[in-house]
Structures are given as C-alpha cells and as structure tokens.
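Remarks on the overall topology
One letter stands for each residue in the lines below.
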Amino acid sequence: MKKYVIVCFILIAASAYWAFDLDRYLTLDGIKAGQAQLDNWRNGAPLTAGLGFFILYVAATSLSLPGAALLTLAAGAVFGLLWGVVIVSFASTIGATLAFLVARFILRDSVQSRFGDRLRTLNRGIEQEGAFYLFTLRLVPIFPFFLINLLMGLTPIRTRTFYWVSQVGMLAGTIVYVNAGTRLAQIDSTTGILSPGLMVSFAILGVFPLLGKKIIGWLKRRRVYAKWSRPARFDRNLIVIGGGAAGLVSAYIAAAV
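Position numbers for residues count from 1 along each chain, tracking the sequence in the order it is written. This being a predicted model, a pLDDT of at least 70 is required before a residue's local features are given, and a value of 80 or more before pairs of side-chain atoms are given or counted; all residues contribute to the totals for chains, interfaces and linings. To get the side-chain values, all heavy atoms of the structure are used, and hydrogens and water are removed first.

On to the nonpolar core, then. Within this scheme, the nonpolar core is defined by two criteria: the residues are buried Ala, Val, Leu, Ile, Met, Phe, Trp, Tyr or Cys, and they are joined through side-chain atoms within 4.5 Å. When accessible area is computed with a 1.4 Å probe and restricted to protein chains, residues below 20% of their type maximum are described as buried, those above 50% as exposed, and intermediate ones as partly exposed. Formed by 20 residues in total, the largest nonpolar core has its most connected members in Phe53, Tyr57, Leu71, Leu73, Phe79 and Val88. Contributing elements (two or more residues each) for this core: helix H3 (46–62), helix H4 (68–139) and helix H7 (171–181). With eleven residues, the top contributor of residues to this core is H4. Note on contacts: a residue pair qualifies if any of its non-hydrogen atoms lie within 4.5 Å across the two residues. Residues contacting tyrosine 57, with those up to four places away along its chain left out, are Ala68, Leu71, Thr72, Val88, Ala91 and Ser92. By size, the runner-up hydrophobic cluster in this structure holds eleven residues, among which are Ala96, Phe135, Ile157 and Val165. The secondary structure listing takes helices from DSSP runs of H or I that are at least 4 residues long and strands from runs of E that are at least 2 residues long, numbered from the N terminus.

By convention in these notes, a salt bridge is any Lys or Arg side-chain nitrogen within 4 Å of a carboxyl oxygen on Asp or Glu. Tallying each qualifying case throughout the model produces two salt bridges. As a salt-bridge pair, aspartate 39 and arginine 42 come within 3.9 Å of each other at their nearest N and O atoms. Of this pair, aspartate 39 and arginine 42 both sit in helix H2 (residues 28–44), separated by three residues, roughly a single helical turn. Using a relative accessible area of 18% as the deciding quantity, one classes aspartate 39 as buried. We note a salt bridge from arginine 233 to aspartate 235, for which the minimum N-O separation is 2.6 Å.

For helices, the axis comes from a line fit to the C-alpha atoms of the stretch in contact; other axes are also lines fit to C-alpha atoms, and the angle between any two N-to-C directions lies between 0 and 180 degrees. The interhelical angle for the contact between H4 and helix H5 (residues 145–152), taken along N-to-C directions, is 115 degrees, at an axis separation of 7 Å. Residue-level inspection shows Ala96, Ala99, Phe100, Ala103, Arg104, Ile126, Leu134, Leu137 and Arg138 of H4 in contact with H5, the latter providing Phe145, Ile148, Asn149, Leu150 and Met152. Under the scheme applied here, ten amino acids are nonpolar (Ala, Val, Leu, Ile, Met, Phe, Trp, Tyr, Cys and Pro), four are charged (Asp, Glu, Lys and Arg), and all others, including Gly, are polar. Classifying every residue of the contact of H4 with H5 by side-chain character gives eleven nonpolar, one polar and two charged.

For serine 62, the location among the structural elements is in helix H3. A polar contact is formed between the side chain of serine 62 and the backbone oxygen of valine 58, at a distance of 2.9 Å. Every residue in contact with serine 62, bar those within four places of it in the chain, is listed here: Gly95, Leu98 and Ala99. Contacts described as polar in this section are N or O atom pairs within 3.5 Å, which, within protein, must combine one atom able to donate a hydrogen with one able to accept it, while residues neighboring in sequence count only if both atoms come from side chains.

As for its position among the elements, threonine 155 is in the loop between H5 and helix H6 (159–169). There is a polar contact of 2.7 Å between the side chain of threonine 155 and the backbone oxygen of methionine 152. Setting aside chain neighbours within four positions, we find threonine 155 in contact with Arg104, Arg108, Gln112, Asn123 and Ile126.

This brings us to the packing of aromatic side chains. Geometrically, a pair of aromatic rings is defined through the distance of the ring centres and the angle of the planes. Note on ring pairs: Phe, Tyr and Trp rings are taken, using the six-membered ring of Trp, and paired if centres are within 6.5 Å. Classes follow the plane angle, with under 30 degrees stacked, over 60 edge-to-face and the rest tilted. Using the criterion set out here, one finds three aromatic pairs in the structure. Look at phenylalanine 53 and tyrosine 57: their rings are 6.4 Å apart centre to centre, the planes differ by 50 degrees, and that puts the pair in the tilted class. Here the residue phenylalanine 53 and the residue tyrosine 57 both occupy positions in helix H3, the gap between them amounting to four residues, near one helical turn. A single burial state applies to phenylalanine 53 and to tyrosine 57, both of which are buried. Here a set of aromatic residues connected by ring pairs shows up, and it is made of Phe53, Tyr57 and Phe79. A ring is considered to have a charge above it if a Lys NZ or an Arg CZ atom is located within 6 Å of its centre and within 35 degrees of its normal. When the ring centre of phenylalanine 145 is taken as reference, the NZ or CZ atom of arginine 138 above it lies at 5.2 Å.

This is the structure in structure tokens:
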C-alpha cells in the first residue's frame, strides 16, 4: 500500500507539472524573463528566497523533472557563485538521494528477484567498487543524472555512500553551471557551457580513482608474490591439503568434475 501511495503521489505531482504548464518557467528564456522578479525576491527576503529555491530544486530533482541544469543557472544568476554552489550542491544531492530511495523502495526487490542471476556480477562489482563507479558517472555530464539516481537505487550500494559520492562527484559540474549562471545574459544555449575538452577532463578525473585503485591492487599482488618465482608450467590445477572430511569431499568432487 505504501508503494502505491508513493507512486500515486509522484504521478499527481508530475501531472500537475505538465497540466499547469510549469515547464515554461524552466526554459532559458523563462529564467531570463523572470530574473528581475527573482532578484527582487532575494533582495527583499534573502533567507526565504534561498530556502524556497532550495525546496524547489529538491522537488524537481527528486521527481526527476527536466530542468535541473537551468535551475542551476538560475541559482548562479540570483544568488551568485558562492551561495549558488552551496544551495545547488546540497539541494541536488538531497533530491537525487530521495529519487534513489524511491526507486529502491518501489522497484529493487522485484528487479532483483526477477533478474537476480543476471545481476549477480553487477551487484558484486557495486558492493566492492560502487563508490568509484558512481563517482565516475557523476563526473561525466553525458550520463543523465536522473537516470543514474534511479538505476543506482536498484543496486546494493549504501544510501550513505550514494549521498556523499554524489555530493563530491557533482560538485565540479555544479561550479561550472553556477558560474555560467552568473553571466546568464550572455548565454544563448546550455549546450555550449560544457565544451568537449571540459567533458573529457571530467571523464579522466572520474576514471582516475578507479584506475589508481587497480594499479595499487596490482602492486600489492606483485609485492606478495615477489619472493617466489612463477613456475613455467603447472602440474596440477587444484591441490587438496588435509585428509579430513572437508579434504576428502573436496578431492572427490574435484576428481569427479
């Protein structure tokens, strides 16, 4: 019953968003047109304006509504670089975590029970190195963040890990977009904010921790086996040590297969 209530709430909220044509405000022209009103609101009640914008951003990201990038631009235009980054960084992470939890609560059990065998390798990889994978995805803007939120909710990654990795991983992109928002009048399209070179730099930055971990693991294995010379060939592919119950069963099964 709780799942049905949550699904109904999401459908009602999304339907209201489209029914009242609220998406017209989350366009570049709409934000430019309303910037003067937002500035007046911030100047008259800065705390209320900051809190209201924070709640709006959390709602938009938790419902996976389009326009997060434009809201980030608006944050830079209205609140400046410092406070814009602070507001967007926490609001986007909280909203993403809420979307993550909703997907986990509603879909994970059914997906894992139906495709558990196929997802076993993926689940094992997420349990071992999920933070590195998520960090890489967060740094590459080519992957839609709302899709990452939903798909990660279907994996075994911990909520706490998802939150702090998302906060750190999205920070670089947040700074770029908020900084661009401080010059909103000069922006004609959001596609030019992230140049190909900048996207490649983000991708390299995201892959580097995972690559570094692989290299460290390889060096550790080399150090462990450094005192022994590797045989040119192996006479056995399995050796059982001990003739107790476990040893006899292991040898029997090994010989049989």
